[in-house]
Amino acid sequence: MDIKKENVELLLDTPFIKVFDLKYAPGKHYYDATRRRPEDIAATMTDEEFRRSVPDAVTCIVIIKERDREPVLLMPREFRYPVGRFVLSPPAGLLDPEDKGSEEPLLSAARREIREETGLTVKDTDRLFVCNPGLFSTPGMTDECNGMVCAVIEVEDLTELSQSGARGSELFDGFTFIDRHMAREMLSTGRDAEGFYYSVHIWGSLLYFLSGMWEN
């Protein structure tokens with residue numbers, strides 16, 4: 001099924017979200033809530049354009065290796081407005097124009113977001129790599145997608161941890177350090193230590209951490 005550009009109508013246009021009507025057949029409508037511009041929505045891309053497209057944002061799996069301690073998954077607690085409370089939320093953010101113009105857009109954005117949301121600097125001696133180039137969260141509602149980047153950061157101690165880099169509407173309330181035992185428990189119950197549900201990106205981060213693929 002091809003959705004032609006002339007059959008796409010912009011219904012809502014705000015600085016933070018847009019809603020498009022994708023008229024996929026006469027009298028048939030489907031809606032796309034996205035931050036993308038009309039010329040960038042996925043529905044009207046060719047297959048090749050779709051394959052070459054850059055994700056909208058990056059989500060970071062941050063693994064801390066502290067001297068003489070077991071590795072842990074570092075997870076900030078961030079206030080998520082649609083949920084109305086602080087929940088586990090991996091360092092993440094939209095790709096800026098300068099990221100998209102760089103040789104490694106996801107890694108460029110990941111370095112910045114980790115610095116802003118954890119206070120940690122990814123050093124040249126640390127490992128930073130793409131573990132998934134793009135994941136759709138809810139492709140039945142939006143064409144936005146996140147690339148997943150893993151950072152394995154070695155530290156002497158945790159004194160550099162900070163959430164003072166929060167910008168705009170961002171609100172943080174500390175960190176949770178997830179070891180392998182806690183990760184298994186969270187996967188088993190589907191809830192965090194507060195008894196709250198968590199996002200699909202947390203689920204993926206837990207699985208990736210436990211898989212050991214980041215150690216290779």
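This report concerns the structure included in the present document. (Residues numbered from 1 in each chain as written. Predicted model: local features only at pLDDT ≥ 70, side-chain atom pairs only at ≥ 80, totals over all residues. Heavy atoms only, no water.)

Digging into the state of the cysteines
Put plainly, a disulfide is one covalent bond tying together the sulfur atoms of two cysteines. The following threshold applies: Only a pair of cysteine sulfur atoms within 2.5 Å qualifies as a disulfide here. The cut-offs for exposure are 20% and 50% of the maximum accessible area for each residue type, with area from a 1.4 Å probe on protein chains only; residues under the lower value are buried, those over the upper are exposed, and the others partly exposed.
For the coordinates displayed, the defined rule picks out zero disulfides. Note on C60: no disulfide assigned, nearest cysteine sulfur contributed by C131 at a separation of 9.3 Å. Judged by relative accessible area, C60 falls into the buried class, the value being 1%. Free of any disulfide, C150 has its nearest neighbouring cysteine sulfur in C131, separated by 5.6 Å.

As for the packing of aromatic side chains
Our working definition: The aromatic pairing rule takes the rings of Phe, Tyr and Trp, using the six-membered ring of Trp, and pairs them if the centres are within 6.5 Å, calling planes under 30 degrees apart stacked, those over 60 edge-to-face and the rest tilted. In DSSP terms, a helix is any run of H or I states spanning at least four residues, a strand is any run of E spanning at least two, and both are numbered starting from the N terminus.
A full pass over the atoms with the stated rule returns four aromatic pairs. Seen from their ring centres, F50 and F136 are 6.1 Å apart, and the 20° between their planes marks the pair as stacked. With F50 in helix α1 (residues 47-52) and F136 in strand β8 (residues 127-136), this pair connects stretches of sequence that are 86 residues apart. Among the residues examined, F50 registers a relative accessible area of 38% and is labelled partly exposed.

What about the pairing of strand β5 (residues 72-80)?
Selection criterion: Any two strands with at least two DSSP bridges between them are considered paired.
Where burial is concerned, most of β5 is hidden: eight out of the nine residues are buried. The pairing of strand β4 (residues 57-66) with β5 spans three bridges and is antiparallel. Bridging across to β5, I63 finds its partner in L73. In this structure, the hairpin formed by β4 and β5 is closed by a connection of five residues, where D68 is found at a positive phi of approximately 65°. If you look at the hairpin formed by β5 and strand β6 (residues 85-88), you'll find four residues sitting between the two strands, and G84 has a positive phi there, around 80°.

Overview of the sheet that holds strand β3 (residues 28-34)
Either a parallel or an antiparallel arrangement is found when strands of a sheet pair, and the pairing is made through backbone hydrogen bonds. Basically, it comes down to this: Axis angles are defined between N-to-C directions and span 0 to 180 degrees, where every axis is a line fitted to C-alpha atoms and, for a helix, only to the segment in contact.
Strand order in the open sheet formed by three strands is β1-β2-β3, with antiparallel pairing between adjacent strands. Two strands lie at the open edges of the sheet, namely β1 (8-13) and β3, each paired on one side alone. Averaged over all adjacent pairs, the angle separating strand axes in this sheet is 25°, with direction ignored. Where β1 meets strand β2 (residues 18-25), five bridges bridge the pair, whose relative direction is antiparallel. In the sheet register, E9 faces β2, and the bridge partner there is D21.

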